[in-house]
Amino acid sequence: MMAVLASLNSQAFSEAPELAAKVASGDLAPVQRRLPDAPEVVQAREKNGRYGGTLRTALLATGDENGVLRFIAQGMTRWDEKFDRILPNIAAGWTVNADATEYVFQLRRGMRWSDGAPFTADDVVFAVNDVIGVREVFGAPADRYQAAGQIMRAEKIDPWQVRIRFAAGNRMLPEELAGPYGHHPVIYPKHYCAQFHAAHNPQADAEARAAGFTGWVARFNRECPAWGERWSTVAKPTLDPWLVSEPMGRGLAAVVVRRNPYFWQVDQAGRQLPYLDAIQFNLYKDAAAIQAVAVAGDLDLQIRHVSGVALRAQLAPLVAQGRHVMLRLPDVNASAVGLYLNHTTPNEALRMLFADVRFKAALSQAIDREAIAKTVFLGEVTPWQVGPPAGHRFYNQKLAAQHTQFDLAAANRALDALGLAQRDSEGYRLLPDGKRLSLRAIVNNYSNQMVDTLKLIQPAWKTAGIELLIEAQDRVVVANRARANDYDIGVDVVSGGIDPTQNPRAYLAQHPADSRQSLPWVLWYNSGGQRGIEPSPAMKRRLLLWDQWKAAKTDAEADGLFRQILVIAADELEVLGTVSSPAQTGIRASRLHGVPDSMPGAWIWPTPNPSLPQQYFMTE
């Protein structure tokens, strides 16, 4: 196991040579004064880890900021390496009351931000109450941070303990804090960010306007960013293993992060982590460019944008030459390519059709999943709708297999019966208003597997009289269109295979960016009905069950509630799956050590973060 929740008895800590030199010159405090009183001891995968080196990896130049997050961001908790349980991380531990309405987190006494300032309960209280809890700053908080329509609140018990309270039960909090979007309680250093906040600085708004901002909120979100913008600033202190030294921005060739001298973990020999001096995220205009440099052997670790099965043959020579090792990461998703039918599309005629399960079943029957499995995924997958795999405690046979048999004749009969028998001169069906039955599918243009899948669906749907318009665009454009509700179908992986309760976005309208069966439904739920669009009765029933699931007092009660959610999801068929998810592909340079031979390929287990890249090292 990677994590050991223990402290070294000895205080004979050591550090990287570059930091030791700064200590010797008087530019940095000794390592014993930079570490917490009891730093977390990590059992590094290899005991001979050495300091030094820069790991090279690659990201898209736009819309790929989460690639940095998945490498270095630290939360209050973290997943273990096997994706089985939650471990302490920034928090040394926690307790929870019987109804999961109150958590008490114990912080690591003496932990410091990257600028040397103490990290205490005051920072968590500021983050929860003054940032997450202020809608004009944070927006509508995600599901993880609220219960019964009320945002969580925090209070300081003492400098090293903080209490977080919910209006109703929230059993998911420790898992959410370990996920890729659960870092907010520990990314707002009060001593730095409060200067930009009107509740703490009466002059904040005037100072912001003098600096050219529209007000203090705009300046706060620029100086203390929460999401992808985190990597575009070097000034804000952090608790991560590395600090941004070359930020993300237009026209830049790379994002570079360098060792945090105040990082709070040590290896079993008392050596302060991380081993690597830096990570260099080289930026490229598209996935093809990333794949070219990966095939050339110019990256030390790469999973993003090289994970498709078709690329393995091109990467194989690197392995044969001994320069790299091929990684195969078991995928946790429920489907490799999903079609999220937008039930609040601006097209009123389509909204009515999407509300009819007969229409959605016909769309599904007009998908040749066997051809997709063979052509796009080289036979490594099988036809699959959505839902956890067979053998999983939440397996639902209807959810997984309904309407997956390719049957154009049945699809055409169903569409005729729906009153869509009339066709135009090109053979496309006409809606009651006389307009062509066209569905606009937005998809990230870097995902060849998704685009190729749509290209196989397109002619079959044409035979059924349905025009599929494939709108493959930059990831940022796709995300913006999703937020603007400007699409009929959102195309993405279907999460919630192995991890359905951690990632239920395809079964519930609860994810503010990716529950694309209707993001306005999500907004309605997260705003307590004040914004967005009221969901369908079936979705409202599931959201009520979800609230009950979060407040469940036993695992058995919670599992029963979640099974009800999946039953309704199966009946509604809001998301069409295509095929099961193949193992992801990755490569690592032979000189890079500490990387596990196998780890989950997942978003909720933000690959490779829980494998602790801070204990990766180079041998040359």
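Residues numbered from 1 in each chain as written. Predicted model: local features only at pLDDT ≥ 70, side-chain atom pairs only at ≥ 80, totals over all residues. Heavy atoms only, no water.

1. Details of the packing of helix H13 (residues 357-365) against helix H16 (residues 408-417)
Taken N-terminus to C-terminus, the directions of H13 and H16 make an angle of 155°; their axes are 8 Å apart at the nearest point. Here H13 lies roughly antiparallel to H16, going by the angle between them. When you trace H13 past H16, the crossing you get is left-handed. Where H13 approaches H16, its residues Phe-359, Ala-362 and Gln-365 are matched on the opposing element by Leu-408, Ala-410, Ala-411, Ala-414 and Leu-415. (Axes fitted to C-alpha atoms, helices over the stretch in contact; angles between N-to-C directions. Helix = DSSP H or I, 4+ residues; strand = E, 2+ residues; numbered from the N terminus. Parallel < 35°, antiparallel > 145°, perpendicular 65-115°, else oblique. Left-handed = near helix turned anticlockwise from the far one by under 90°. Contact = heavy atoms within 4.5 Å.)

2. Examining the packing of aromatic side chains
Evaluation of the coordinates by the stated rule reveals 21 aromatic pairs. Between Trp-546 and Trp-549, the aromatic rings sit 4.6 Å apart at their centres with planes inclined by 5°, giving stacked as the arrangement. Of the two residues, Trp-546 and Trp-549 both sit in helix H20 (residues 537-551), 3 residues apart, roughly one turn of that helix. In this structure Trp-549 comes out as buried when scored by relative accessible area, which is 7%. Among the aromatic residues, those joined into a cluster by ring pairs are Trp-94, Tyr-103, Phe-105 and Phe-166. Residue placement shows Arg-171 over the ring face of Trp-549; its charged tip is 5.8 Å from the ring centre. Of note, Arg-271 hangs over the ring of Tyr-51, and the distance from its end group to the ring centre comes to 6.0 Å. (Phe/Tyr/Trp six-rings, centres within 6.5 Å; stacked < 30°, edge-to-face > 60°. Buried < 20%, exposed > 50% of the residue type's maximum accessible area, 1.4 Å probe, protein only. Lys NZ or Arg CZ within 6 Å of the ring centre and 35° of its normal.)

3. Observations regarding empty space enclosed by the protein
Vacant regions in the atomic arrangement are exposed by a probe of water-molecule size rolled over the atoms. Under the defined criterion, the tally for this structure stands at 5 cavities of 30 Å³ or more. Here the largest cavity is characterised by a volume of approximately 170 Å³. The wall of the largest cavity is formed by 18 residues, among which Arg-144, Glu-176, Gln-502, His-511 and Ile-604 lie closest to the centre. Here the residues of the lining of the largest cavity sort into 8 nonpolar, 6 polar and 4 charged. Here the second largest cavity defines a volume of roughly 80 Å³. In terms of lining, the second largest cavity is formed by Ala-73, Gln-74, Gly-75, Thr-77, Arg-78, Trp-79, Asn-89, Ala-178, His-183, Pro-606, Asn-609 and Pro-610. When residues of the lining of the second largest cavity are assigned to their parent elements, the largest contribution, 3 residues, is made by strand E4 (residues 77-79). The residue inventory of the lining of the second largest cavity, partitioned by class, reads 5 nonpolar, 6 polar and 1 charged. (1 Å grid on protein atoms, 1.4 Å probe; cavity = no way out; pocket = protein on both sides within 12 Å on 5 of 7 lines; lining within 4 Å. Points joined across faces, edges and corners; volume = space filled by probe spheres on them. Nonpolar A, V, L, I, M, F, W, Y, C, P; charged D, E, K, R; others polar.)

4. A look at the pattern of salt bridges
Scanning the entire structure with this criterion turns up 40 salt bridges. Glu-40 is paired through a salt bridge with Arg-108; the nearest N and O atoms lie 3.6 Å apart. Residue Glu-40 is found in strand E2 (residues 40-42), and its partner Arg-108 is found in the loop between strand E7 (102-107) and helix H4 (121-132); the two are separated by 68 residues along the sequence. Arg-108 matches Glu-40 in its accessibility class, with the two residues each being buried. Across the pair Asp-514 and Arg-516 runs a salt bridge whose closest N-O atoms are separated by 3.6 Å. When sorted by exposure, Asp-514 lands in the same class as Arg-516, which is buried. Linked through salt bridges whose partners overlap, the residues forming this network are Arg-440, Glu-471, Arg-481, Asp-486 and Asp-488. (Salt bridge = Lys/Arg side-chain N within 4 Å of Asp/Glu carboxyl O.)

5. Remarks on the confidence of the model for the protein chain
On average, the protein chain scores 95 in pLDDT, and the residues at 70 or more come to 98%. Note that pLDDT drops below 50 for residues 1-7; the model gives that stretch 23 contacts with residues more than four away or on any other chain. (pLDDT = per-residue confidence, 0-100.)

6. What about helix H10 (residues 287-295)?
Ala-287, Ile-290, Gln-291, Val-293 and Ala-294 are the residues of H10 that are buried. Viewed end-on, H10 has its buried residues packed into an arc of 165°, placing them on one side of the element. In this structure, the buried side of H10 is in contact with strand E3 (54-60), strand E15 (278-284), strand E16 (301-302), helix H11 (312-320), helix H17 (448-463) and strand E23 (584-589). The backbone nitrogen of Ala-288 lies 3.3 Å from a side-chain oxygen of the residue at the head of H10, namely Asp-286. (Arc of directions from axis to C-beta. Polar contact = N/O pair within 3.5 Å; in protein donor to acceptor, adjacent residues only side chain to side chain.)

7. Re the sheet that holds E15
Read from one edge to the other, the open sheet built from 4 strands follows the order E3-E15-E13-E12, with strand pairing classed as mixed. Each edge of the sheet is formed by a strand with only one pairing partner; in this case those strands are E3 and strand E12 (242-246). With direction set aside, neighbouring strand axes in the sheet form an average angle of 25°. Sheet topology note: the strand E13 (residues 254-259)/E15 ladder contains 5 bridges and is antiparallel. In the strand pairing of E15, Ala-254 is matched with Asn-282. Its contacts with the sheet place H10 against E3 and E15, and it is angled at close to 155° to E3. (Pairing = 2+ DSSP bridges.)

8. Notes on the layout of surface pockets
In this structure, the second largest pocket spans a volume of roughly 580 Å³. Lining the second largest pocket we find 29 residues, and of these Arg-171, Glu-175, Thr-501, Gln-502 and Asp-555 sit closest to its centre. Among the secondary structure elements, those contributing two or more residues to the lining of the second largest pocket are helix H6 (173-178) and helix H21 (555-572). Along the lines of polarity and charge, the residues of the lining of the second largest pocket split into 15 nonpolar, 4 polar and 10 charged.

9. Observations concerning the nonpolar core
In terms of nonpolar packing, the biggest core is built from 60 residues, with Met-76, Phe-105, Phe-119, Met-152, Tyr-188, Phe-220 and Leu-239 touching the most fellow members. If one sorts the elements of this core by residue count, H4 sits on top with 8 residues. The residues touching Phe-119, leaving out its near neighbours within four places in the chain, are Ile-90, Leu-107, Met-111, Arg-112, Trp-113, Val-124, Trp-160, Val-186 and Leu-239. Counting residues in hydrophobic clusters, the runner-up holds 42 residues, among them Ala-361, Val-381, Leu-415 and Leu-468. (Core = buried A, V, L, I, M, F, W, Y, C linked by side-chain atoms within 4.5 Å.)

10. With respect to the pairing of E7
Here 5 bridges tie strand E6 (residues 91-96) to E7, and the two strands are oriented antiparallel to one another. Note that in E7 the partner of Gly-93 across the bridge is Gln-106. Linking E6 back to E7 in an antiparallel pair, the connection comprises 5 residues, with Ala-100 at a positive phi of about 60°. Where E7 meets strand E11 (residues 161-165), 5 bridges bridge the pair, whose relative direction is antiparallel. Across the sheet, the residue bridging to Tyr-103 is Ile-164, located in E11.

11. Some points on the state of the cysteines
If you walk through the whole model with that rule in mind, you get 1 disulfide. Across the disulfide, Cys-193 is cross-linked to Cys-224 (sulfur-sulfur distance 2.2 Å). Looking along the S-S bond of the Cys-193-Cys-224 disulfide, the torsion reads about -115°, which is the left-handed sense. Residue Cys-193 is located in helix H7 (residues 190-193), and its partner Cys-224 is located in the loop between helix H9 (216-223) and E12; the two are separated by 31 residues in the primary sequence. (Disulfide = S-S within 2.5 Å.)

12. Quick notes on the side chain of Arg-70
Position of Arg-70 among the secondary structure elements: in helix H3 (residues 66-72). For the buried Arg-70, which has no salt bridge, the nearest side chain bearing the opposite charge is Asp-64, at an N-O separation of 8.0 Å. Engagement of the side chain of Arg-70 in a polar contact is seen with the backbone oxygen of Ala-602, the distance being 2.7 Å. Residue contacts for Arg-70: discarding those within four places in its chain leaves Arg-304, Ala-602, Trp-603, Pro-606, Thr-607, Pro-608 and Asn-609. (Lys, Arg positive; Asp, Glu negative; His and termini not counted.)

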